[in-house]
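Structure at a glance
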Amino acid sequence: GKSGQAAEKIGESGFILSNEYQPKRAKILVSNFERLGIKNAMITSLDSAELGEMFSKVFDLVICDVPCSGEGMFRKTQEAADQWSPESVIQCQKRQEYILDNIKDTVKGGGYLLYSTCTYSLEENEEVVEKFLSENSDFHLTDVKNEVKKVTSDGINLPEFKTDMSKCRRFYPHISRGEGQFIALLKRDETSERGKILYKEKVSEASAEEKRIIKSFFEENLITLPSGRIIKSKDNFVLISHGCPVYTKSVFSAGVLIGEIKHGILHPSHQFFSCYGNLFRRQEKLTRGDSRIYKYLHGEEIDSTLSEGGYCAVTYEGAVIGGGKAVGGKIKNHYPKGLRIN
């Protein structure tokens, strides 16, 4: 959810790196990005220490959504309550301090670090922020927008704190919709130092013949050619529209999967339709009340209104939902099996 909202805010002019330590959850991120049509992103599954070694003062905003004891989830799941213990709170606190210390230097001068949890615990919230600020004088707490203040409570202060924690925000279910959460928005002091990416890319380039096949597909099916460079990942080809070099380890997604080439023919991926469907010359436009939407989402062929055959995007109320191939008055369905509805 946070990655999707961040991607929506930056549009296509920026870049988002979304890191999920647990590989299973990273795979879910890939699926979500695919369906949302997010182009300019990279998804990794790395330890925060590795991220700190990759980027130096690069990011305008780092959302540090840390593992926590989950006290805010007690109303939602019994499992969250059953797993809680005083020991887990302290264990989480140590892990949170470790993560913050690792990723702090990825924030550029004048950039922001948003620390968030879904717990009420002082140990994991204000105490973590207090310790961080006491050790990093180039960061300071800053105000959030009034719209957020209206649905949150001030952070809690303890006598021993050297920093006023009232700018931190606490989300309570009796004040705002949802469960319990905590955020602290930190800003780094301005600096003239330029950001650096501290690793070199090592990827396989598509051959001249493979690039020719892909370009031919673009010219035949798209109104304009998408910008970016093409790399090869095993049997698949990826379009990189952002300027960030691709890391060599634990990268689950680095751009937009174009598809694979079999016997000299490009077979486009669902992600390519999701991301670049608005560029297709042929678009089958479904609207509210059109029964074909149910057949399409079920994975069936649908009747085509297109005057010519070929690959096409399928849209619903203007939003691209997938693709297919128009043949003989029908659209061969390319909606992935894993997304189909019963």
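Summary of the structure given here.

The rules behind the values
- Residue indices follow the written sequence of each chain, beginning from 1 at its first position.
- In keeping with the predicted nature of the model, local features appear solely for residues at pLDDT of at least 70, side-chain atom pairs appear and are counted solely at 80 or more, and the whole-chain, interface and lining totals rest on all residues.
- Neither water nor hydrogens contribute to the side-chain values; these are computed over all heavy atoms in the structure.
- Secondary structure elements follow DSSP: runs of H or I no shorter than four residues count as helices, runs of E no shorter than two count as strands, and numbering proceeds from the N terminus.
- Only protein chains enter the accessibility calculation, which uses a 1.4 Å probe; a residue whose area is less than 20% of its type maximum is buried, one above 50% is exposed, and one in between is partly exposed.
- Should any heavy atoms of two residues lie within 4.5 Å, those residues are considered in contact.
- Here the Shrake-Rupley method, with its probe set to 1.4 Å, supplies the accessible areas, and only the displayed protein chains count as covering residues.
- Think of a 1 Å grid over just the protein atoms. A cavity is a set of points where a 1.4 Å probe fits yet cannot get out, a pocket is an open set with protein on both sides within 12 Å along at least five of seven lines, and lining residues have an atom within 4 Å of a point.
- Grid points are joined across faces, edges and corners, and a volume is the space filled by probe spheres set on the points.
- Note on residue classes: Ala, Val, Leu, Ile, Met, Phe, Trp, Tyr, Cys and Pro are nonpolar, Asp, Glu, Lys and Arg are charged, and everything else, Gly too, is polar.
- We count a salt bridge whenever a side-chain nitrogen from Lys or Arg sits within 4 Å of a carboxyl oxygen from Asp or Glu.
- The criterion for strand pairing is that DSSP finds at least two bridges linking the strands in question.
- To obtain each axis, a line is fitted to C-alpha atoms, and for helices this fit is confined to the stretch in contact; angles are then taken between N-to-C directions over 0 to 180 degrees.
- Each Phe, Tyr or Trp ring (for Trp, its six-membered ring) is paired with any other whose centre lies within 6.5 Å, and the angle between the two planes then decides the class: stacked below 30 degrees, edge-to-face above 60, tilted in between.
- Here, a charge over a ring means that NZ of Lys or CZ of Arg falls within 6 Å of the ring centre while also lying within 35 degrees of the ring normal.
- Each helix should span, by expectation, one fewer than its residue count multiplied by 1.5 Å.
- To obtain the arc, one takes the directions from the helix axis to the C-beta atoms.

1. Quick word on the overall build of the protein
For the protein, the count of helices and strands is 10 helices and 21 strands. Relative to its 342 residues, the protein shows a buried fraction of 45%. Taking all contacts inside the protein whose residues are at least 6 apart in sequence as the whole, residues at least 24 apart take part in 67%. Surface accessibility of the protein: about 18600 Å² in total, with carbon and sulfur atoms responsible for 48%.

2. Let's talk about the layout of surface pockets
By rolling a water-sized probe across the atoms, one finds the places where empty space is left. Space inside the second largest pocket adds up to approximately 500 Å³. Along its surface, the second largest pocket is lined by 23 residues, and Ser233, Val238, Val251, Phe252 and Ser253 are the ones closest to its centre. Elements represented by at least two residues in the lining of the second largest pocket include exactly helix H2 (23-36), strand S12 (229-233), strand S13 (236-240), strand S14 (251-253) and strand S15 (256-262). Tallied by class, residues from the lining of the second largest pocket come to 11 nonpolar, 7 polar and 5 charged.

3. Thoughts on the pattern of salt bridges
Considering all chains together, one arrives at 23 salt bridges under this definition. The salt bridge partner of Asp60 is Lys108, with a shortest N-O separation of 3.2 Å. Of the two residues, Asp60 sits in strand S4 (residues 59-65) while Lys108 sits in strand S5 (residues 107-117), which places them 48 residues apart along the sequence. Here Asp60 falls in the exposed class, since its relative accessible area comes to 51%. The salt bridge involving Glu284 is made with Arg292; its shortest N-O contact spans 2.8 Å. A single network of salt bridges, built from pairs that share partners, joins Asp105, Asp138 and Arg188.

4. Concerning the sheet that holds strand S19 (residues 310-316)
Ordered in space as S17-S19-S20-S21-S18, the 5 strands form an open sheet in which the pairing is mixed. Whereas interior strands pair on both sides, the edge strands pair on one side only; in this sheet they are strand S17 (283-286) and strand S18 (302-303). Relative to strand S21 (residues 330-333), strand S20 (residues 319-327) is paired through 4 bridges, and the arrangement is antiparallel. The partner of Lys325 across the bridge, within S21, is Lys332.

5. Quick look at the side chain of Gln96
By secondary structure assignment, the location of Gln96 is in helix H5 (residues 86-103). Dropping the residues within four chain positions of it, Gln96 is found in contact with Val66, Pro67, Cys68, Tyr115, Glu124 and Val128.

6. Examining unusual backbone geometry
Phi angles above zero are rare outside glycine, and Ser250 is one such case at about 50°. Residue placement: Ser250 occurs in the loop between S13 and S14. Positive phi, normally seen in glycine, also occurs at His263, with a value near 55°.

7. Quick look at the sheet that holds S14
The strands making up a sheet associate through hydrogen bonds between their backbones, and the pairing can be parallel or antiparallel. Spatial strand order, S1-S2-S14: 3 strands in an open sheet with mixed pairing. Across the chains shown, the open sheet's two edge strands, defined by having one partner strand only, are strand S1 (16-19) and S14. On average, each strand axis in the sheet is tilted by 30° relative to the strand beside it, whichever way the strands run. As paired strands, strand S2 (residues 41-44) and S14 are joined by 2 bridges and run antiparallel to one another. Its bridge partner being in S14, Thr44 is matched across the sheet by Val251.

8. Quick notes on the packing of aromatic side chains
Scanning all chains against the criterion turns up 14 aromatic pairs. Look at Phe273 and Phe280: their rings are 5.1 Å apart centre to centre, the planes differ by 35°, and that puts the pair in the tilted class. We classify Phe280 as buried; its relative accessible area is 1%. By way of ring pairs, the aromatic residues Phe217, Phe218, Phe272, Phe273, Tyr276, Phe280 and Tyr311 are connected into one cluster. The ring of Tyr276 has Lys39 sitting right over it, with the charged end atom 5.1 Å from the ring centre.

9. So, H2
With 14 residues, H2 should reach 20 Å at 1.5 Å per residue; the first-to-last C-alpha distance of 20 Å fits that figure. For H2, the set of buried residues is Ala26, Leu29, Phe33 and Glu34. Seen from one end, H2 has its buried residues packed into an arc of 135°, which puts them on one side. Away from the buried face of H2 by more than 90 degrees, exposed residues Lys24 and Lys27 are located. Of the residues one or two after H2, Gly37 is the one with positive phi, at around 70°.

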